[in-house]
Amino acid sequence: MTQEFDIVIIGAGMVGAALAAGLGHEGFRVAMVDRAPGPEFDPEAAPDIRVSALSAGSERYLQSLGAWQNILSMRATPYRRLAVWDEAEHPLSNLIPRTANHVEFDAARLNTPHLGHIVENSVTQKGLWQAAEAEPTVTILAGSGVSGITQTTESATVTLENSQQLTATLVIGADGAQSRTRDMAGIGVTRNQYGQQAMIISVRYQGPVQDITWQGFYPSGPRAFLPLYSAGAAHPGESRASLVWYDAPEELARLKSLCNEALMTEIQQGFPAELPQLTHIEARGSFPIARQHARQYSAGRIVLVGDAAHTINPLAGQGVNLGFQDAQCLQNLLKDARNAGKGLADASVLSTYEKQRRPANRRMMYAMDAFYHLFSNQTPPLHLIRNLGLGAVRALPFARDQVARYAMGVDDELPAVIRTLTSRLPGLNQL
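Peer 1: Which parts of the structure should I look at to understand the sheet that holds strand β19 (residues 298-299)?
Peer 2: What holds strands together in a sheet is hydrogen bonding between their backbones, with the strands either parallel or antiparallel. One open sheet holds the six strands; their spatial order is β9-β3-β2-β13-β20-β19, and the pairing between them is mixed. Across the chains shown, the open sheet's two edge strands, defined by having one partner strand only, are β9 (138-142) and β19. Across four bridges, strand β2 (residues 7-10) lies against strand β3 (residues 30-34) in parallel orientation. Among the inter-strand pairings, Ile9 is bridged to a residue of β3, identified as Met32. The sheet contacts of helix α1 (residues 14-25) involve β2, β3, β9 and β13 (170-173), and relative to β3 the element is tilted by about 165 degrees. Sheet strands in contact with helix α4 (residues 121-133) are β3 and β9, and its direction is about 130 degrees off that of β9.

Peer 1: What is the right way to read the packing of aromatic side chains from this model?
Peer 2: How two aromatic rings sit relative to each other is set out by the distance from centre to centre and by the angle between their planes. Taken as a whole and judged by the stated rule, the model has six aromatic pairs. Taking NZ or CZ as reference, Arg223 lies 4.0 Å from the ring centre of Tyr218, over its face. Above the plane of the ring of Phe28 lies Arg338, whose end atom (NZ or CZ) is 4.3 Å from the centre.

Peer 1: Can you walk me through the sheet that holds strand β12 (residues 165-168) in this structure?
Peer 2: Judged by pairing direction, the sheet is mixed, and its four strands sit side by side in the order β1-β12-β11-β10 without closing on themselves. Because the sheet does not close on itself, it has two edges, and the strands there are β1 (2-4) and β10 (146-151). Strand-to-strand, the axes of this sheet are offset by a mean angle of 20 degrees, without reference to chain direction. With three bridges connecting them, β1 and β12 associate as parallel partners. Residue pairing for β12: Glu4 is matched across the bridge by Thr167.

Peer 1: Help me understand the confidence of the model for the protein, please; the structure alone is not making it clear to me.
Peer 2: Residues shown with low pLDDT carry predicted positions that ought not to be read at fine detail. When pLDDT is averaged across the protein, the result is 86; 82% of the residues are at 70 or more. Taken as a whole, residues 424-430 scores under 50 in pLDDT and shows nine contacts with residues more than four places along the chain or in a different chain.

Peer 1: Any chance you could explain the packing of α1 against helix α8 (residues 319-339) here in plain terms?
Peer 2: Between two packed helices, what matters for the description is the angle formed by their axes and the separation of those axes. At their nearest, the axes of α1 and α8 sit 9 Å apart, and the two run at 25 degrees to each other. Classified by the interaxial angle, the pair formed by α1 and α8 is roughly parallel. The way α1 lies across α8 gives a crossing that is right-handed. Here Met14, Val15, Ala18, Leu19, Gly22 and Leu23 of α1 lie close against α8, whose contacting residues are Val320, Gly323, Phe324, Ala327, Leu330, Gln331 and Leu334. Partitioned by chemical class, the residues of the contact of α1 with α8 number 10 nonpolar, three polar and no charged.

Conventions and cut-offs
Residues numbered from 1 in each chain as written. Predicted model: local features only at pLDDT ≥ 70, side-chain atom pairs only at ≥ 80, totals over all residues. Heavy atoms only, no water. Pairing = 2+ DSSP bridges. Helix = DSSP H or I, 4+ residues; strand = E, 2+ residues; numbered from the N terminus. Contact = heavy atoms within 4.5 Å. Axes fitted to C-alpha atoms, helices over the stretch in contact; angles between N-to-C directions. Phe/Tyr/Trp six-rings, centres within 6.5 Å; stacked < 30°, edge-to-face > 60°. Lys NZ or Arg CZ within 6 Å of the ring centre and 35° of its normal. pLDDT = per-residue confidence, 0-100. Parallel < 35°, antiparallel > 145°, perpendicular 65-115°, else oblique. Left-handed = near helix turned anticlockwise from the far one by under 90°. Nonpolar A, V, L, I, M, F, W, Y, C, P; charged D, E, K, R; others polar.

Put into structure tokens, the structure is as follows:
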């Protein structure tokens, strides 16, 4: 039996579930398909090792979907300060005091209660699933993947692995960086694999929940601290956090081979002095990092969002925020198309979506690449430039506040100075 929908969303992660909730709220008949079962939440369990820094802009979008209150009812940790500094040891370091290259963004300066929230991915996904389930026009089909997609001039047919068929006017690929939807649409990608990998370590530390997230930059890559929630009565006086250690694959392989006690010692010695005293390691994992961009965002009746369309260096945790921006943009364009009597897969609609989102995603890719290449080396001139650059941002509160407002999602554009720098980087138009 074939079921008919306006839109089929393939992938029920954070971005796919956001679109399902949003499009359902607009009255579209939506099917959300995923091989995996729905996310679960256990308030007594250790945190999900995968976490994201959700910007204030993403929070507003999730509020509009009815998902943010769901998330807050589980757990989310606000951060009010964000700090960045250079930890590279080099003879030139003696010329510049450490405090000069330490930049801190503070919500108080922006007259806002916080810069964002650190939230476990499974919690965000669960909150979005709950919002999607509350929409009567949304059908969630979990437990079976997609085996094929065929397109005609009138519709697209999605065939599931259980042989069920779904027809729709538009198919949205939200199935991640290794998107099968993208492959089925025949859309290629440009890809740049970085020499580093990222190791995530879920830890407990002594002391109250901190309100700051920070990154110290080393030649081998940054090391970051993301605060989570109190460890509760089971571990009085302790709090939880997620640490991220970027380094060469062979170094991370060595670290992963260590027992928890030895790894904790390495972390305490290898991270900046601002790291609080660790008490326990709860989980660990690692993944390669790459910059990837689809050569086009749509083909026929198939359109891509989130990591299916683009992945960036995760330095600033902007990946999921970019995905939510894709979702919000596409949701609004599809609503406008329906109101104007246009087809949901009309070429002008999908072309407008790409024209709006590709430049913004591309600029963020290059901004993250600029940070990556500037900080992941010990070349004396670059070492001096980056320290002077951090010092300049520290000395110019207006520029610092502009960067913070963009990262929070308050401003839609990167600061003019960054747009100018990234627009002059070679190869920008090829991404």
